[in-house]
Amino acid sequence: MKSSIFTRQSLYTRLKGLRSAEGYWRYGSNLGPTLGHLLSDRTGFSDNTRAIVRELHKNGIATSRVEDLFDPALVNDLEKATNILIRSKSEEIRELKSKVDSDATIGQKTFNLELLGGEPLFQLDDPFAKIGLHASLLAIARNYLRMTAQLRYYNVWYTAASEGVSRESQLWHFDREDNYILKVFLYLDDVDLGTGPFTYAPGTHRMGIYRSLQPEFIMEGNVRRTTDEQMDKVYPREKWKACTGRKGTVIFADTRGYHKGGEARAKDRLMFTCMYTSPASQSKDLIRFPQDFDPAKLSREQIRALRIPRK
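Owing to the predicted nature of the structure, the values given are computational and were not obtained by experimental measurement.

Q: A description of the side chain of glutamine 302 should follow, citing residues and the corresponding values.
A: Structurally, the position occupied by glutamine 302 is in helix α10 (residues 300-305). Here glutamine 302 falls in the buried class, since its relative accessible area comes to 18%. A distance of 2.9 Å separates the side chain of glutamine 302 from the backbone nitrogen of serine 299, its partner in a polar contact. Excluding its chain neighbours within four sequence positions, the residues that come into contact with glutamine 302 are Leu133 and Leu138.

Q: Describe the pattern of salt bridges, with residues and values.
A: Across all of its chains, the model carries 17 salt bridges by this definition. Salt-bridge contacts for glutamate 95 lead to lysine 99; the nearest nitrogen and oxygen are separated by 3.8 Å. Classification of glutamate 95 as partly exposed rests on a relative accessible area of 45%. Overall, the relative accessible area of 37% leaves lysine 99 in the partly exposed class. Between lysine 260 and glutamate 263 there is a salt bridge, with the nearest N and O atoms lying 4.0 Å from each other. Beyond isolated ion pairs, a larger network of salt bridges with shared partners links Asp228, Lys260, Glu263 and Arg265.

Q: Mind laying out helix α8 (residues 135-145), listing which residues take part and the relevant values?
A: A large share of α8 lies buried, amounting to 10 of its 11 residues. Among the residues of α8, Ser136, Leu137, Leu138, Ala139, Ile140, Ala141, Arg142, Asn143, Tyr144 and Leu145 are the ones counted as buried. In the stretch just after α8, arginine 146 is the one whose phi turns positive, near 60 degrees.

Q: I'd like to hear about the sheet that holds strand β8 (residues 241-242), residue by residue, with values.
A: Reading across the sheet, the three strands line up as β8-β5-β10 and stay open at both edges, with antiparallel pairing between neighbours. Unpaired on one side and paired on the other, β8 and β10 (259-260) mark the two borders of the sheet. Taken together, the two bridges between strand β5 (residues 199-200) and β8 define a ladder with antiparallel strand orientation. Note on β8: the bridge partner recorded for tyrosine 200 is lysine 241.

Q: Account for the environment of aspartate 254, with residues named and values stated.
A: For aspartate 254, the position within the fold is in strand β9 (residues 249-254). Between the C-alpha atom of aspartate 254 and that of phenylalanine 174, which follows or precedes it by 80 residues, the distance is 9.2 Å. Residues in contact with aspartate 254, not counting those within four places in the same chain, are Leu56, Gly60, Tyr144, Tyr180, Ile181, Leu182, Tyr200 and His205.

Q: Any details on helix α5 (residues 72-88)? Residues and values, ideally.
A: Helix length check: α5 (17 residues) gives 25 Å between terminal C-alpha atoms against 24 Å at 1.5 Å per residue, within 8%. All of the buried residues in α5 are Leu74, Val75, Leu78, Ala81, Thr82 and Leu85. The buried residues of α5 occupy an angular sector of 125 degrees when projected down its axis, which confines them to one face. For α5, the exposed residues lying more than 90 degrees away from the buried face are Pro72, Lys80 and Arg87. Those residues of α5 that are buried lie in contact with α7 (127-132), β3 (150-159), β4 (182-187) and β11 (269-277). Among the residues of α5, the N-terminal cap falls to aspartate 71, whose side-chain oxygen and the backbone nitrogen of alanine 73 are separated by 2.7 Å.

Q: Which residues make up unusual backbone geometry, and what are the values?
A: A positive phi angle, near 60 degrees, is found at arginine 146, a position not held by glycine. Residue classification places arginine 146 among the partly exposed residues on the basis of a relative accessible area of 40%. Of note in the backbone geometry, glutamate 168 takes a positive phi value of approximately 50 degrees without being a glycine. Mapped onto the elements of the fold, glutamate 168 is located in the loop between β3 and β4.

Q: Explain the pairing of β11 to me, and be specific about the residues and the numbers.
A: With nine of nine residues buried, β11 is to be regarded as a mostly interior element. Here β11 shows two buried faces, one formed by Arg269, Met271, Thr273, Met275 and Thr277 and the other by Leu270, Phe272, Cys274 and Tyr276. With six bridges connecting them, β4 and β11 associate as antiparallel partners. Note that in β11 the partner of phenylalanine 185 across the bridge is threonine 273.

Q: Explain the packing of helix α4 (residues 47-59) against α8 to me, using residue names and the numbers behind them.
A: Geometry of a packed helix pair, given as the angle between the helix axes and the separation of the axes. Following both chains from N to C, one finds α4 and α8 inclined at 40 degrees, their axes separated by 9 Å at the closest point. Here the hand of the crossing between α4 and α8 comes out right-handed. Each of Thr49, Ile52, Val53, Leu56 and His57 in α4 lies in contact with α8, whose residues at this interface are Ser136, Ile140, Asn143 and Tyr144. When the residues that make up the contact of α4 with α8 are grouped by side-chain class, the tally is five nonpolar, four polar and no charged.

Q: Please give an account of the packing of aromatic side chains that cites residues and values.
A: For the structure shown, the criterion picks out 12 aromatic pairs. When the centroid spacing of 5.3 Å and the interplanar angle of 85 degrees are considered together, the rings of phenylalanine 122 and phenylalanine 293 count as edge-to-face. Of this pair, phenylalanine 122 sits in the loop between β2 (112-114) and α7 while phenylalanine 293 sits in the loop between β11 and α10; the two residues are 171 residues apart in sequence, bridging distant segments of the chain. Residues tryptophan 172 and tryptophan 240 carry aromatic rings whose centres are separated by 5.0 Å and whose planes lie at 65 degrees to one another, so their mutual orientation is edge-to-face. Of the two residues, tryptophan 172 sits in the loop between β3 and β4 while tryptophan 240 sits in the loop between α9 (228-234) and β8, which places them 68 residues apart along the sequence. Under the relative-accessibility criterion, tryptophan 240 is labelled buried at 14%.

Each value, and the rule that gives it
Residues numbered from 1 in each chain as written. Predicted model: local features only at pLDDT ≥ 70, side-chain atom pairs only at ≥ 80, totals over all residues. Heavy atoms only, no water. Helix = DSSP H or I, 4+ residues; strand = E, 2+ residues; numbered from the N terminus. Buried < 20%, exposed > 50% of the residue type's maximum accessible area, 1.4 Å probe, protein only. Polar contact = N/O pair within 3.5 Å; in protein donor to acceptor, adjacent residues only side chain to side chain. Contact = heavy atoms within 4.5 Å. Salt bridge = Lys/Arg side-chain N within 4 Å of Asp/Glu carboxyl O. Pairing = 2+ DSSP bridges. Expected span 1.5 Å × (residues − 1). Arc of directions from axis to C-beta. Axes fitted to C-alpha atoms, helices over the stretch in contact; angles between N-to-C directions. Left-handed = near helix turned anticlockwise from the far one by under 90°. Nonpolar A, V, L, I, M, F, W, Y, C, P; charged D, E, K, R; others polar. Phe/Tyr/Trp six-rings, centres within 6.5 Å; stacked < 30°, edge-to-face > 60°.

Structure below.
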C-alpha cells in the first residue's frame, strides 16, 4: 500500500509552493523525484533510520553506529579495502605530511588526501560504492530530502595532523551545491578532540531555527570563512556539536548548515564520506563510470541514485 495519497487540497497546497524559490526548486526543478518519493512505498523504513531523519530535520545533524546500518561482512570488506588503499598510497601520504602546514596553496586542502582520487571510478564490487548505494543510506537521504536523492560523491579521506593556523574547511563555512546537502561521515579510526572531529552548529541548516544566522567572516580567496571567535559571537560555543566518537561512528549532516572539520592536531584522521543532493543540483558529478559499465545488477533505486552517462 502506498504511504502517500494525493488529495485535491494537498496538490493545491504544493502547487502554491511554486511561488517561492524553495517551491520552485522542489516542485519545478525536482518535480519528478519529489512525486516519485511521495508515491513510494516506505513500509521498509526502519525505526533507526526514521529517528535519524527526524533528528536531521530538526537539527541538521544526527549520529549512529555502523553496526546499526550495515551488514558486518560489508564493514569488514570496507576495512580491508581501506588498509589496501593506505598501503598503496604510502608515498602520497608521506608527501601530504611533508607539506601539511603549507598555506601557500589555499583551495587545495593540503592537509587532506582523497585516497580514491578526486573522481572515484565506480566499481560494482567496491565496498565504498556499495556503502554509498546501501539501502539504509539511500532511504535516509530520500526521506530527508523528501525526493529521490542522487549520490554525487564518495571517497576515503586521510587527514594529516597539522600545527598551522586553521584554514579552509577547518574554519566555519556552509556548502552551496544545493538547497539541502546530505553528507555522511564514517569514522574508520577513533576520533577525539585532537583528531579534527566534524563540528556542526545545530539548527543552522535551511530547515533549522537558526537558518538566518549571519556571522562575520573573512575572505579566503573567493570563499567566506568564519573563525571560532566570530562564530562564538552569534552562536555560543557551548551549542557547537563536536562529533567525537569511536571507530564505526556514522555522522549524517546537512552541510548547508555551518560546520567545520579536519583540524587534526594530535593524530591523523581517517574516514569514509559520501554526499547526496537533489537530482537538479548544479554540483559537478564526481563519480566516473567504466566504459563497459553494466547497471543490470543494481536495483531500480540504486540506478536512480546514480547519474549514469548514456552510451
